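Inside the fold
Letter by letter, the chains look like this.
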Amino acid sequence: MSVMCRKLCSSILFEHFGQIVQCVAEDLFKHGARSLELIRYATDLPVTKVKEALCVLIKHGFVRYSRVERGLEFSLIYENVLLILRYPKYMFFIKTMCGDESEMILEEVLMNGYITASEVITKTYKKIEQSPSGRQPSVPVLKEKFELLVKNQFLTRSLCTDTVGGRTNEKPDFTLPNLNLTAIIKKIEGDNNSDPGDSKIYWKVNFDRLIQDLRDQIIVSAIRRRLDENAGELMRQLLFLMYLRTASWAHTSNPIPLTEIKEAVKKTSYPLLIHHLDQYLHLIEEDSSQFLKRVGDSGGGQFSVNMKEAFEQLAWATLENIVMERFGSKAARIFRLVRDKKYIEQEQIQQLAMIPAKEAKHLTYTLLQENYIQMQEMKKSGVSAAPIKTFFLFHIDLNVVVYMEVEHCYHALYNIMQRREYEVNSNKRMIDKQLRMQTLTTNLKEHGATEEQLAEIADLMTPSEKQQLEKVQNTIKKLGITELQIDDTLFLLTMYLRYH
Amino acid sequence: MEIEAGTSKEQDATNADTNPFEIIEQKILALAQARPKGISDKDLIIEMPDLPSVQRAQIINKLLSQGHFDLFKQGGSLLYRLRDPSKAKIAKGADNEEKIVYSIIEEAGNKGIWIRDIRFKSNLMPTQLSKILKSLEIKKFIKAVKSVAASKKKVYMLYNLEPDTSVTGGAWYQDQDFEAEFVDVLNQQCYRFLEKKREQMNSCRGGPIMARNVTFASSKEVWKFISDLGISKVKLSVEDLEMILNTLVYDGKVERTLSGDGSILYRAIEPLLDSPGLIKSTCGVCPVRKHCCDIGDVTPTKCQYITEWLE
């Protein structure tokens, strides 16, 4: 893990959990797994604070603990910290898949780390009640939505227990407890003695599943872009079929027979796809992206989805785009040429890319300097080290370049976060003022204030201030969007690394 | 003159008649002409069994000194090969050094040879060599050609040879300059052609595979389109255009496939991904990223690029 990654994680934790948690996590970053006593000593915080911070971190799955000879040792899982950046995406995904209530439930679970079903329903109920949309929540609907999330495996039982030794390596458990709806309703109404019947059964978000869904989205949209809407839908169906027969993170799916694909496609509402299924399969299979492979002829043909290859292609596409944006299209041409030829000499580059010698050299060496391409020296054996006898071959080590770009993403994310924080801090006074005014207005409205009074409060902010505020809000919004966009790239590249 | 003098001397020595002597000479030459690979002593004995070996040696020596023959050694026996007439021409009125330099240049073929390499091979002094080269050039035996590989490098080759494409650079060079603009224009035009083909896809009603096949264009088709456009002053070959099309492949805009009959097909394609999110941010394309840090001159909080981008 690099310095940049550490800084990024640290600032993410600071933003969401505050300084103490950041401090403890930073210590774990620096020193790896260590005991409570050592953390306390290094951070110079009171032991209760450290405990609290660790508790928060464990609750959200950022810290793992294990028993060693003397007591417990804590270690940080930084990948999970980086997942926080993707929370908005997960919520949006759930919203489109399962609806608004489900999104709220998910948000509640994300905020708490792990939580019981009854509690999450209670909290969501209250939240909807308070929301300005004026919708009337209902417990049975919320329960249904919760069950839907579990059924789709977006939520899983948390296997965290109170005792240290009690951790088991069970498979993810999705069995639902019997919820006592009347008890939950009573609880919402303020009766704290009712038992909803699921104490100690906690739920957490099944990130693995969400990551796979985002991964599938990338693949489907790539095919849609390359071919068309119908092919995209076919790819989606193929991925569904892949889930049924293959372990989650297998490199290639087990063979899917054509008959089953036909069955699945029939249920969709794409008449063109149903009509030309064979042709579309053929197209995806023949495409240079190699997402799909024909592996056998029995049963009308057997197809296998090749995830590993798919992400290699996608990673290449990403890198090519990055090179193009950073160094221009001529540089991208050289980059692709080197990729295509595996090993190539400078002479050949300028000849095949048809770029004037001087420019070609400049671009090649810029790419080399920035580590997008690598150079390999080849000496003729048995000849003295005369310069003429040495060849310099250019090639690309994909893994190296991907790691470099991942690092680049961390850096960019960190910078954008820092900038956002800076923008918020430097305009803190104004943002606070606006918040105060908002609460004041709503309070007055509730008490039936007149229009004049409201206008008076609105006048507290000068036009120039309003303008400034609007600008700052736009800035912050823009930075937030950029953060999500950068994370898209990061996600794709980490997916590549996961498969390779 | 020389020949006559030579024969008369030999005549004195052998006391033989002039006519049969010359007839034998012609015979040997005809024999050598019939066998471009060369003739050996054995062949001569078989062909002319009544010729005494002393006389045969004399005739051969004479022909060699006149430059009609090249002498080779193959498998222990000597081989005489007829020189082509262009070389015979230089033999007249040229001294030994000129002959050597000429043969070195001839060896280099249409790729030409650099003056330094001639010097190393011939072991002649630079001044002397340049004199010889000049005289050969004036006599139009050789010519100097500027190479595109290095603008100041001149290479020499025989006068009647067409320089190799590696020296002239082919259609893409004019006076040793690479015509980048010309290439770019062709690149764009080829892409335009393939794009148009791709647009036809939308109006195709015969299923997705048919629609895709419509978008394919063979290199010949593209060549015809470009020739008809008439943007090129020089005549381009299909191979030249394939080079241009390959640059489009390396631009990631076009895909190349082989068709059943061996010709190469091209089609415009859409990239797999949109431009990635990373480079939509300023930090993704930042030129001073290496210096970017929490402290110092380049920091995210006072970054000029981000400020401009936010404006």
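Attention here is on the structure that accompanies the text. (Residues numbered from 1 in each chain as written. Chains lettered and ligands numbered in written order. Predicted model: local features only at pLDDT ≥ 70, side-chain atom pairs only at ≥ 80, totals over all residues. Heavy atoms only, no water.)

Let us now look at the packing of helix α6 (residues 87-98) of chain A against helix α11 (residues 207-226) of chain A. All names here are of chain A. The geometry of α6 relative to α11 is characterised by a closest axis approach of 11 Å and an angle of 75° between their N-to-C directions. Considering the angle they form, α6 stands roughly perpendicular to α11. For the pair formed by α6 and α11, the contact residues are Y87, Y90, F93 and I94 on the first element and F207, L210, I211, D213, L214 and Q217 on the second. Classifying every residue of the contact of α6 with α11 by side-chain character gives eight nonpolar, one polar and one charged. (Axes fitted to C-alpha atoms, helices over the stretch in contact; angles between N-to-C directions. Helix = DSSP H or I, 4+ residues; strand = E, 2+ residues; numbered from the N terminus. Parallel < 35°, antiparallel > 145°, perpendicular 65-115°, else oblique. Contact = heavy atoms within 4.5 Å. Nonpolar A, V, L, I, M, F, W, Y, C, P; charged D, E, K, R; others polar.)

All names here are of chain A. The strand order β6-β8-β7 describes an open sheet built from three strands, whose pairing is antiparallel. Both outer strands of the open sheet, β6 (256-257) and β7 (292-296), are each paired with one neighbouring strand and no more. The sheet contact formed by β6 and strand β8 (residues 302-305) spans two bridges and is antiparallel. Within β8, the residue paired with P257 across the bridge is Q302. (Pairing = 2+ DSSP bridges.)

A few words now on the nonpolar core. If you look at the biggest cluster of nonpolar residues, it comprises 151 residues, and the most contacted ones within it are L234(A) and I261(A). Among the elements that make up this core, the one with the highest residue count is helix α20 (residues 398-426) of chain A (12 residues). The residues touching L234(A), leaving out its near neighbours within four places in the chain, are I261(A), V265(A), L273(A), L277(A), Y280(A), L281(A) and I284(A). Within the second largest apolar cluster, 23 residues are counted, among which are F182(B), L194(B), I226(B) and I244(B). (Core = buried A, V, L, I, M, F, W, Y, C linked by side-chain atoms within 4.5 Å. Buried < 20%, exposed > 50% of the residue type's maximum accessible area, 1.4 Å probe, protein only.)

This next bit is on the interface of chain B and chain A. Opposite the 52 residues of chain B that make contact, chain A presents 57 residues. For the pair chain B and chain A, the summed buried area comes to about 4,800 Å², and 60% of that belongs to carbon and sulfur atoms. Ranking the residues of chain B by area buried against chain A places Y250(B), L272(B) and L278(B) at the top, with a combined share of 18%. Counting the contacts that link chain B with chain A gives seven salt bridges. For R225(A), the salt bridge goes to E270(B), with nearest N and O atoms at 4.0 Å. Put simply, chain B and chain A have 23 residue pairs in polar contact (both at pLDDT 80 or more) between them. Residue assignment for the side of chain B that touches chain A shows that the elements contributing at least two residues are α10 (180-200), α11 (208-215), α13 (238-250), β10 (254-258) and α14 (304-310) of chain B. Considering only residue class, the side of chain B that touches chain A consists of 27 nonpolar, 11 polar and 14 charged. (Buried area = accessible area lost by both parts, 1.4 Å probe. Salt bridge = Lys/Arg side-chain N within 4 Å of Asp/Glu carboxyl O. Polar contact = N/O pair within 3.5 Å; in protein donor to acceptor, adjacent residues only side chain to side chain.)

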